[in-house]
Amino acid sequence: MNEMDKLTELFMRFPGIGPRQARRFVFFLLRQDAGYRAALIRSIDSVAAHIQQCSKCLRYAPLHKERPVCAICGDTHRDTTQLMLVEKDTDVEQMEKSGAYAGHYFVLGGTLSLTGKKSYLREKELDSYLKHHVFAEIILALSTTSDGEFTTAHLAEQLKSKARITVLGRGLSTGSELEYADAATLVQALKNRA
Ligand SMILES: [Zn+2]
């Protein structure tokens, strides 16, 4: 394997990146000046050094100086009766941008898979989180893809004894992922949850 193949393979591990796109990234980097490449390498190192996984919601974020929690989990003004389950870290960011939600989050890390390809859901981690924290409402805010819907149904069944379970309203179009929804759509979807 030559140098270009090695880097291509590393890019192919990125979510949603296939071999051709990965190859285009390699050529893109080759065309940039050395300063850009050095900044990229420094930035990757710096993110790895300063960003850690929150011990509560499991998202990656700068953590509190004394406690291993993120700014959201450590914020005592947030609503402690609501928990929102999302797939990805970016979903939390998108929901925060909408300003429509003031409760807590838990990042599932993925969905169950109908086709059985890649599937990872932090069910054990969620279980232990819910052993230590009680919520009145758990909001399921997963993608409206078929895997997302399948996972929503599964979690609703699993969690129904623990809290009132609601699902984000269908202001979100079918097949859409939360991270691509705009703020107005999220506000509406949250309002229309049932
Ligand atoms: Zn957190």
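In what follows, the structure referred to is the one given above.
Residues numbered from 1 in each chain as written. Predicted model: local features only at pLDDT ≥ 70, side-chain atom pairs only at ≥ 80, totals over all residues. Heavy atoms only, no water.

Before going further, it helps to spend a moment on the overall build of the protein. When helices and strands are tallied, the protein shows seven helices and six strands. Traced from its N-terminal end to its C-terminal end, the protein shows the element sequence α-α-α-β-β-β-α-β-α-β-α-β-α. Considered along the principal axes of its C-alpha atoms, the protein spans approximately 55 × 40 × 35 Å. If you take every contact in the protein between residues at least 6 apart in sequence, the share linking residues at least 24 apart comes to 52%. Accessible surface, the protein as shown: approximately 11700 Å² in total, 55% of it carbon and sulfur. (Helix = DSSP H or I, 4+ residues; strand = E, 2+ residues; numbered from the N terminus. Contact = heavy atoms within 4.5 Å. Areas by Shrake-Rupley, 256 points an atom, 1.4 Å probe, with all protein chains shown as cover.)

Our next topic: the coordination of the zinc ion. Binding of the zinc ion to the protein goes through Cys54 (SG), Cys57 (SG), Cys70 (SG) and Cys73 (SG), at separations of 2.3 Å. Coordination geometry of the zinc ion: the four donor atoms subtend angles of 107 to 115° at the metal centre, consistent with an arrangement described as tetrahedral. Spacing between the donor residues of the zinc ion along the chain follows C-x2-C-x12-C-x2-C. Taken together, the residues cysteine 57 in the loop between β1 (52-53) and β2 (60-61) and cysteine 73 in the loop between β2 and β3 (82-86) connect sequence positions 16 residues apart. For cysteine 57, a relative accessible area of 2% translates into the label buried. (Donors = N, O, S within 2.8 Å, 3.2 Å for Na, K, Ca; no water. Tetrahedral: all angles 85-135°; square planar, octahedral: opposite > 155°, others 65-115°. Buried < 20%, exposed > 50% of the residue type's maximum accessible area, 1.4 Å probe, protein only.)

Turning to its location among the elements, isoleucine 44 is positioned in helix α3 (residues 34-50). Residue classification places isoleucine 44 among the exposed positions, given a relative accessible area of 54%. A sequence separation of 88 residues divides isoleucine 44 from histidine 132, and the C-alpha atoms of the two residues are 34 Å apart.

Between helix α2 (residues 19-31) and α3, the least distance of the axes is 7 Å, while the angle of their chain directions is 120°. By the criterion of interaxial angle, the relationship of α2 to α3 is oblique. In this structure, α2 contributes Phe28, Leu29 and Leu30 to the contact, and α3 contributes Tyr36, Arg37 and Leu40. The residue inventory of the contact of α2 with α3, partitioned by class, reads five nonpolar, no polar and one charged. (Axes fitted to C-alpha atoms, helices over the stretch in contact; angles between N-to-C directions. Parallel < 35°, antiparallel > 145°, perpendicular 65-115°, else oblique. Nonpolar A, V, L, I, M, F, W, Y, C, P; charged D, E, K, R; others polar.)

Turning to the pairing of strand β6 (residues 164-167), a few remarks are in order. Strand direction decides the pairing type here: strand β5 (residues 137-140) and β6, joined by four bridges, are parallel. From the neighbouring strand, glutamate 137 faces β6, where its bridge partner is arginine 164. In this fold, β5 hands off to helix α6 (residues 146-159), which returns the chain to β6; that crossover is right-handed. (Pairing = 2+ DSSP bridges. Right-handed = clockwise from strand over helix to strand, strands pointing away.)

Turning our eyes to something else, we now look at the packing of helix α1 (residues 3-12) against α2. Interaxial distance between α1 and α2 falls to 8 Å at its minimum, and their mutual angle equals 120°. With respect to α2, the axis of α1 lies oblique. Read as a crossing pair, α1 and α2 show a hand that is right-handed. Facing α1, whose interface residues are Met4, Asp5, Leu7, Thr8, Phe11 and Met12, α2 presents Pro19, Ala22, Arg23, Phe25, Val26, Phe27, Leu29 and Leu30. The residue makeup of the contact of α1 with α2, split by class, is 11 nonpolar, one polar and two charged. (Left-handed = near helix turned anticlockwise from the far one by under 90°.)

The strand order across the open sheet built from four strands is β4-β3-β5-β6, with neighbouring strands paired in parallel fashion. Only two strands of the sheet have a single partner each, and these edge strands are β4 (104-107) and β6. Neighbour-to-neighbour, the strand axes of the sheet open up by a mean angle of 25°, direction not taken into account. One ladder, built from four bridges, connects β3 with β4; its direction is parallel. The residue of β4 that forms the bridge with methionine 84 is tyrosine 105. In this fold α6 packs onto β3, β5 and β6, with an angle of close to 170° to the strand it touches most, β5.

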